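Fold and contact review
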Amino acid sequence: MPEYKWPEADKRSLIGKRHSRADGPVKSSGKAKYSSDISRPGMLHVLAVRCPYAHARVTSIDTSEAERMPGVKMVQVVVEPGKPNAETQWFLDHVALVAAETEEQAEDAVRKVKVQYERLPHLVTEYDRTAAGARARPQDAATTGDPDTAFREADVVSEGEYGARFISHCTLEPHGSVTEWKDGRLTAYLPTQALSGSVSQFASPLEVPNTNVRVICNHIGGAFGSKFGPDKWDIQAARMAKAAGRPMRYFTERNAELIVSGGRPSDFATVRIAAKKDGTIIGWQSDAWGTVGPSDRGAAPPLPYVFRKIPNIRTRYTGVGTNTGPSRAWRAPNHPQGCLLTMCALDDCAARLNMDPLQFFLKNISLVQGGRPEDYSTELLKCAEMIDWKKNWHARGDKTPGPIKRGLGLSIHTWGGLGHACQCDVKIHPDGSAEVTMGTQDLGTGTRTVMLVTLAETFGLPLNAVKLNIGDSDYPPGGASGGSTTVGGASTATRRGALDALEQLFQKVAPALGVPPDQLEAVNGKIQVKGNPAKSLAWKQACAKIGTNPIVARGACQAQAARKEKLIDADVGGAQMADVSVDIETGVVTLNKFVAAQDCGLIINLKTAESQMYGAMTMGVGYALYEERVMDQLTGRMLNNNMEFYKLAGLGDIGTIEVFMMTGKGYDERGVIGLGEPPVISPGAAISNAIANAIGVRVPHMPFTPDRVLAALEKGGVA
Amino acid sequence: MRRDKPKTPERGRKGLSRRDFFRGAGVAVPTGLLASQAKAPKAAKAPAGAAPMLGPGRVPITLRINGKVEKLELEPRVTLLDAMRNYLDITGAKKVCDRGTCGTCTVIMGGDAVYACQVLAIEAQGKAITTIEGLNAGEQLHPMSQAFVNNDAQQCGYCTPGFVVACKAFLDKHPNPTREQIRRGLGGNLCRCGTYTGIERAVLEAAKAVKGGSAHA
Ligand code: FES
Ligand code: FES
């Protein structure tokens, strides 16, 4: 059995270097086919009939006129009047689906479906817990140590309210699918983060064996936690496809997409922190609440975040039920909210103590849990150097004259990121070609490239000499790409499979080189006697000894075993610092510079790793400054369900972003750890703290829009 | 997103406005080409001398996309974007907001970058249309596409075709762009994955490549 480990640092020719993503050319040339680009012969276009109310009972649906419209092939009622579940629970939830020959015909027919509703009481705003009445349900409460004594004995107690409003996933590719049946087998072109797992999620409601379902996803236009299995509309469309004997194409219209396809729940909290004069934190108390949407319960934000070892803690969480589209896992679920609530409260505490927050964080760094304390210190100091904290930081409130105030803010974060369970087949063909095949997906994170780098590195081949097949559920089962688990899982499975395949190849080649198989190695396009390039066969010649059938080895990642082998690990740390300018006359916040230092164990492809950082921080600027689902309690509607007013950050909004990856000795030995989530956690907190530093007063709720900045300035600060 | 999103000259918005306006009714056709063939308005009471009307049923439409002539029968309300995606299987341009906000549908029409979701197919007649596929029809990647690869200016890639086309049209008009010009001139395209840092670098690199004479198209 080969030894399953990563090559030593001096033996790596590809791992850790910068590689352009393997699917870059097909994407940048427009050739990549996304699920929403798929067109099948005879395909019908499906659109939804949507409820204009936040909460209603469907009392009647008349589809007769719609059915007579030109081109209409099927109208499927999905919320049936009179049935116990004949209620809609959020604005633009759908009640029927219309399938027609063209999209235009479907659009016309949707308008002809006559639906009568009985309006029911709704609640769509969660901030005011008193107004929420019985829908505000205390959920969790916990106490560690003796917080009462800690607060009594504190030299300083700081107190504040903080909040992160609900945001949408707003993936550019909408949710939906193309579904097609052939000989009793369903093929679903589904944008999904969980290709292999989606099979049973189709099969079970459609009551067909899993063997009769195939899911395909070659490219996916953004997911961020909102696209795991098929949605109810995908199942419904698949049923229609079966009944009509025609493929169906359904993708959610943008105005509904921003509501029905998921979002990140809001979280608010009042926080008190007890500290000693020297800056030691001794107590934490938080009372948090947020929307749980149509569910009974929601996940409380992790509080206190990262500084879990504060000795005396009391926390409470209340979930508020609302008639709004349900939450979904949003990149690093609950962490950005927990981070904002914690890091802003800590920053306010530092201000109360008249301490530089950098010194305050460093002083308390032993209180962190998840990630290594020394890494956080190194990362904070690295960021401080990148943003020139010493020179640019000042005490709260920029005292320089003029309306533009500048400030610095910081935050730290953690994430698990242990590789997931998955399997692949590695094949070496007699002609020397080699490939890895797995039922996984590349969300744009660089999974393809990571697997190819791993395979090529293991075989001692150049990157362009190996091939990869993913995106089809008929392949060996991949894991769900959630929680930064894919890079660890996919690289481990590929490495193990490749090492096993290589061992088989060594056995075939050993007689020709006159040494036992365990004396061979694969380097520089050769199979050679260890350390002796003179005694070698070129890769192609070596493979010619395989025979007629290719070598096939199954590689798998089992998380705990792989962790022991140090192929993967969990728990990273990262720090971020923001430099902002705030115009106190208009309330507009502008990013000048935004820096990050991040550890994530062994990095396989530095180029795409850095892209994860840039991307997450850019997304972070968006949710910190612009993004918010605005609900109107009077009508129950979302007021900004379009991309003009649900604002994403644009190219000119992000300032200069600089990132530093912690690699090399001390990091690489840990093995691979996921990076998708960590860098998206801190931006809100770092930017909020920078704004407070600039204007001398806290803007309590995120996003930090001009109106909120001006409202905070009314209460104090430099204005 | 940019608060001062410019109405850049490269965002040509000539001709007809929102297609929703015309939905279910006829459509005024101001182009000389069709005016001569058009019949009297059917669905609207037009004042004397008003533009003739077509539709709402299907009408013949001829498009010139990437040098190829495409003959279609479409309702006049169909946008250029839907015509390409739903009727021609040209899917590089994506449909995201469908109302001129995100730029994922960007194509070049008559030399200008336009949002294909904001142009009716019927008004795109007689104009040379270039899509991302047209830029990359050759063996080699277009230098702008190549610069996106080199600078990893793409993640999920859904915004990428629109962005590449917008960058190409931008560079045609600003061959030596400053950073500030890039930030303003490309403010009309959005990326959810946050690839702007790479895009900025890609534009600068492509600008150099074009000057080096390696550009085509
Ligand atoms: S789809 Fe055309 S601008 Fe968004
Ligand atoms: S790369 Fe995903 S939206 Fe731009």
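The structure displayed is predicted, hence computed values, not measured ones.

**Things to note about the side chain of Asp37 of chain A**
The residue Asp37 of chain A is located in the loop between α1 (24-28) and β1 (44-50) in this model. Since its relative accessible area comes to 3%, Asp37 of chain A is described here as buried. Within the structure, Asp37 of chain A has its side chain in polar contact with the side chain of Arg85 of chain B (distance 2.9 Å). Excluding anything up to four places from it in sequence, Asp37 of chain A contacts Ala32 of chain A together with Arg85, Asp89, Thr91 and Lys94 of chain B.

**Some points on the sheet that holds strand β19 (residues 422-428) of chain A**
Remark on secondary structure: sheet strands pair via backbone hydrogen bonds, oriented parallel or antiparallel. Residue and element names in this part refer to chain A. Strand order in the open sheet formed by four strands is β21-β20-β19-β25, with mixed pairing between adjacent strands. The open sheet has two edge strands with one neighbour each: β21 (466-469) and β25 (551-557). On average, each strand axis in the sheet is inclined to that of its neighbour by 20°, with strand direction left out of account. Of the strands in this sheet, β19, β20 (434-437) and β21 touch helix α13 (residues 447-459), which is tilted by about 140° from β21.

**Comments concerning helix α2 (residues 80-87) of chain B**
In terms of burial, α2 of chain B is largely enclosed, as six of its eight residues are buried. Looking at the buried side of α2 of chain B, the elements it contacts are α3 (103-112) and β13 (248-251) of chain A together with β3 (59-65), β4 (68-74), β5 (106-109) and β7 (128-130) of chain B. Among the residues trailing α2 of chain B, Asp89 of chain B stands out with phi positive, at a value near 55°.

**What about the domain arrangement of chain B?**
Residue and element names in this part refer to chain B. Along its sequence, chain B is organised into domain 1 (58-134) and domain 2 (135-217). Here the C-alpha centroids of domain 1 and domain 2 sit 21 Å apart. Counting residues at the interface gives 21 residues for domain 1, matched by 17 residues for domain 2. Where domain 1 packs against domain 2, one counts one salt bridge. Note that Asp112 and Lys173 form a salt bridge whose closest N and O atoms lie 2.6 Å from each other. Linking domain 1 with domain 2 are 13 residue pairs in polar contact (both at pLDDT 80 or more), by the criterion used here.

**Some thoughts on the side chain of Lys168 of chain B**
Residue and element names in this part refer to chain B. Within the element layout of this structure, Lys168 appears in helix α5 (residues 160-173). The class for Lys168 is buried, based on a relative accessible area of 11%. At a separation of 2.7 Å, a polar atom in the side chain of Lys168 contacts the side chain of Asp172.

**As for the nonpolar core**
All names here are of chain A. Counting residues in hydrophobic clusters, the biggest one holds 184 residues, and the most contacted among them are Ile412 and Ile687. It is helix α17 (residues 606-625) that contributes the most residues to this core, eleven residues altogether. Counting residues in hydrophobic clusters, the runner-up holds 55 residues, among them Leu461, Ile470, Ala498 and Ile568.

Calculation notes
Residues numbered from 1 in each chain as written. Chains lettered and ligands numbered in written order. Predicted model: local features only at pLDDT ≥ 70, side-chain atom pairs only at ≥ 80, totals over all residues. Heavy atoms only, no water. Helix = DSSP H or I, 4+ residues; strand = E, 2+ residues; numbered from the N terminus. Buried < 20%, exposed > 50% of the residue type's maximum accessible area, 1.4 Å probe, protein only. Polar contact = N/O pair within 3.5 Å; in protein donor to acceptor, adjacent residues only side chain to side chain. Contact = heavy atoms within 4.5 Å. Pairing = 2+ DSSP bridges. Axes fitted to C-alpha atoms, helices over the stretch in contact; angles between N-to-C directions. Domains from an automatic or database assignment. Salt bridge = Lys/Arg side-chain N within 4 Å of Asp/Glu carboxyl O. Core = buried A, V, L, I, M, F, W, Y, C linked by side-chain atoms within 4.5 Å.

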